[in-house]
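# Descriptive structure summary
Each chain is listed here by its residues.
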Amino acid sequence: MAITVSEALDHGQSLVNDYYEQKKMMEDIDKMYFMEWDEKPSGKEYKFTTSPAARNALVGAIRLMTSTEPNFSVPFEKNNDEAKRNSEKIEKICKTIWYHSGRFRGVPLEQPAIESLLRYGMMVLAITETKELEDIFVREGASKATKRQVERLVNSTPYLVEAWDPRGVYPEWGRFGLSAVYRSVDMRLSEARQQFGDSAIQKVLSDDYKNLNEVVHYADYWDLEKHIAWITGTDGINKMVAGEPIVDDFHELPCIPIVVQTSEGSYIDSDREYQAIPFLYSVLKSGLWERQNLELTILFTNLFDLGANPNYVYKSISEDGDLELDYSVPGGVAKIRPGEDLYPLQKDVMNKDMLQGMSIADQLVEESTLYKQALGGTGNLGANTAFSTVSLLNQVGRLPLVSPQKRGGWGIGAVMETIMEMIKDKNEASTLKSKEEGFIEFDPKEIPDDLIIEANLEVDLPQDQMMQANIAQLVQQSGLASRRWVREKILNIGASGEMDKEIWDDQAAAQEYQKVLVKLAQMEMMAQQQEMQGGMGLPPEGQPRPQRPEPRGPVSPGSAMQAQAGMIPAQRPGTKPVPSMGEGMPIQEGEMPL
């Protein structure tokens, strides 16, 4: 039996209660991320200092994982023959949809997706068919500029992927995967109108609404049968009630067009809080961030209070003693009388125990997040450490990112698998605009059943690329794997056939370039020959030459060759031959050499 609006709201409220501790943890993570220290001591005399260690570790991890775009591949060992035949085209489609989904929002899509995965331990990606958006605006007579925006989106990609804020998403999994998703967020009316159109908003809020910047509480519910969306309010006792639904339809899709992926945690834990573990979980639960803040605050408060006070002690032999200082020489001279004393005041501003405690907190935070070597730091290594050692530690320092990399790739791959299911279910040919090859047309019949798509999230740094290229060359030369496998698994290059075509194009261009160079060299040689002929009083090649008496006697081989090349005039038998270049004067028959 299909669910009603009130039943969807009750189910959503039940999910909200289940996820309360997890969402509270997300709020605490945000305080560390934005460096908002709520539990700091009161008092104006303190020099409050907030530790950036947690934020730096999270930002560094996000930058490492978003250094390149996801690399989509259709693995041969996990798909059937039909998928292998169309693998390159499917990979192009995935890459193009992902690119345009970020392009139209002005931010590469992997950045908000990976940020939410690391920051909150959960990534939520929603899929929208762009043609439906176009139908809404065309039907309701939108402005020319609005229609043009939507037309550009539709002409570029048939599906739009968006990263949702996990703080307002409450998923529910069944035995076979995602079974329901409840979303509850604050949304401006302008956003709701772009998603559903004017008529749907007017049906809920009346016809005379004008303030599109008004913030309303928007909620929607997806299950395997229906999609329901509404604007919520309260009944005066903080109980959410649903208004007139904006959408209440059977979606008739082969799956829920939403993918929810966690970075750490497991479904074997019954508590929702432990099913999605964020990157800074250990730092949050241990309280190390607050300890760092306290240590830094006390350290800099003491540094200011003690360091700004007098630094010397002057002992005088009389009550009205006056210290005489002479600054006429560099550094100054203190003139004291016999029995008086002047010495530095011993200050313990940087207490050793406090610095030791600070060092312990810093080390624990680093062990709980990301090692400094992974971000290019050297840690406690000396200046003379070998580069190979630093490079190895740089690789090992990324081990905390192994699980988010693998799970994040699964989530992004699942989005593309869902899109392929929707394309196949709709059974209509589509066109999308590739950034490399222009428009790509594809037929749903080219998409096989039970398709598996993988997305690799690799950290591509210069030293990594060099090492991977060397490994790929060794594997290829040894014959241990095919060229396609080496490209996909080691070099992270998808569409191996397309790469072969690019290589062939480069080789053909190089050959054509060599032909042009040879032709230019020949033209230069001909020009030099014509210049030499002009210097000998000969007409340019192609014009009639003056007749000369035929030579008598034999003709030397060198002279014949030069005459054939046009460098000297031809000779008739019986005449004295003209000496050739590089040879002595030939001797005629019956003559004696000089």
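One structure accompanies this document, and this report is about it. All chains use their own residue numbering, which begins from 1 and follows the written sequence. Local features in this predicted model are restricted to residues of pLDDT 70 or higher, and side-chain atom pairs are both shown and tallied only at a pLDDT of 80 or more, whereas totals for entire chains, interfaces and linings draw on every residue. Hydrogens are left out, water is left out, and the side-chain values use all remaining heavy atoms of the structure.

On to the overall build of the chain. The secondary structure listing takes helices from DSSP runs of H or I that are at least 4 residues long and strands from runs of E that are at least 2 residues long, numbered from the N terminus. When helices and strands are counted, the chain shows 19 helices and 17 strands. Residue burial in the chain is summarised as follows: out of 594 residues, 37% are buried. The contact criterion used is simple: two residues touch if any of their non-hydrogen atoms lie within 4.5 Å. Sequence separation of 24 or more characterises 68% of the internal contacts of the chain that already satisfy a separation of 6 or more. Computed by Shrake-Rupley with a 1.4 Å probe, the accessible areas treat only the displayed protein chains as cover when residues are assessed. Carbon and sulfur atoms provide 52% of the accessible area of the chain, an area that totals close to 35000 Å². The buried label applies to any residue whose accessible area, calculated with a 1.4 Å probe on protein chains only, is under 20% of its type's maximum; exposed applies above 50%, and partly exposed to all values in between.

Here strand β2 (residues 122-129) lies mainly inside the structure; seven of its eight residues are buried. Pairing analysis gives five bridges linking β2 to strand β10 (residues 258-262), with the strands arranged antiparallel. Within β10, the residue paired with Val124 across the bridge is Val260. Paired strands are those between which DSSP finds at least two bridges. Here six bridges tie β2 to strand β3 (residues 159-164), and the two strands are oriented antiparallel to one another. From the neighbouring strand, Ala126 faces β3, where its bridge partner is Glu162.

This part is about the pattern of salt bridges. The salt bridge criterion pairs a side-chain nitrogen of Lys or Arg with a carboxyl oxygen of Asp or Glu, the two atoms within 4 Å. Considering all chains together, one arrives at 15 salt bridges under this definition. Notably, a salt bridge pairs Arg167 with Asp30, separated by 2.8 Å at the nearest N-O pair. You can see Arg167 sitting in the loop between β3 and β4 (169-174) and its partner Asp30 sitting in helix α2 (residues 20-33), a full 137 residues away along the chain. Among the salt bridges present, the one from Arg148 reaches Glu151, with a minimum N-O distance of 3.7 Å. In this pair, Arg148 and Glu151 are both assigned in helix α8 (residues 144-156), three residues apart and thus about one turn of the helix distant. Through salt bridges that share partners, Asp30, Glu115, Arg119, Asp165 and Arg167 make up one connected network.

Moving on, we come to helix α5 (residues 87-103). Expected helix span is taken as 1.5 Å per residue step, with the number of steps being one fewer than the number of residues. For α5, with 17 residues, the first-to-last C-alpha span of 24 Å sits near the 24 Å given by 1.5 Å per residue. Across the 17 residues of α5, twelve count as buried, placing the element largely inside the fold. The set of residues buried in α5 consists of Ser87, Ile90, Glu91, Lys92, Ile93, Cys94, Thr96, Ile97, Trp98, His100, Ser101 and Gly102.

Looking now at the layout of surface pockets. Think of a 1 Å grid over the protein atoms and nothing else: a 1.4 Å probe that fits but is trapped marks a cavity, an open set flanked by protein within 12 Å on at least five of seven lines marks a pocket, and residues with an atom within 4 Å of a point count as lining. Grid points are joined across faces, edges and corners, and a volume is the space filled by probe spheres set on the points. For the second largest pocket, the calculated volume is near 780 Å³. For the lining of the second largest pocket, the elements supplying multiple residues, two or more each, are β4, β5 (177-188), β10 and α15 (402-426). No other element matches β10, which puts five residues into the lining of the second largest pocket. Note on residue classes: Ala, Val, Leu, Ile, Met, Phe, Trp, Tyr, Cys and Pro are nonpolar, Asp, Glu, Lys and Arg are charged, and everything else, Gly too, is polar. A breakdown of the residues in the lining of the second largest pocket according to their chemical character gives eleven nonpolar, nine polar and five charged.

Another aspect to go through is the sheet that holds β10. Across a sheet, strands are paired by hydrogen bonds formed along the backbone, either parallel or antiparallel in direction. Strands sit in the order β3-β2-β10 across an open sheet of three strands; the sheet is antiparallel. On the outer flanks of this sheet lie β3 and β10, each paired with one strand and no other. When the angles between neighbouring strand axes are averaged without regard to direction, this sheet yields 20°. To get an axis, a line is fitted to the C-alpha atoms, and for a helix only the part in contact is used. The angle between two axes follows their N-to-C directions and goes from 0 to 180 degrees. Those strands touched by α5 are β2 and β3, and its axis lies near 60° from that of β3. The sheet contacts of α15 involve β2, β3 and β10, and relative to β2 the element is tilted by about 20°.

Before going further, it helps to spend a moment on the environment of Asp220. When you line up the elements, Asp220 lands in strand β6 (residues 215-223). For the pair Asp220 and Val185, spaced 35 residues apart in sequence, the C-alpha separation works out to 9.2 Å. Every residue in contact with Asp220, bar those within four places of it in the chain, is listed here: Trp164, Val181, Tyr182, Arg183, His227, Ile228, Ala229 and Trp230. Polar contacts, as used here, are pairs of N or O atoms within 3.5 Å; protein pairs need one atom able to donate a hydrogen and one able to accept it. Residues neighboring in sequence count only if both atoms are side-chain atoms. Engagement of the side chain of Asp220 in a polar contact is seen with the side chain of Tyr218, the distance being 3.3 Å.

Our next topic: unusual backbone geometry. Despite not being glycine, Glu252 has its phi angle at roughly 55°, a positive value. When you line up the elements, Glu252 lands in the loop between β9 (247-250) and β10. Judged by relative accessible area, which is 69%, Glu252 ranks as exposed. Backbone geometry places Asn427, a non-glycine residue, at a positive phi of 60°. Among the structural elements, Asn427 can be located in the loop between α15 and β15 (430-434).

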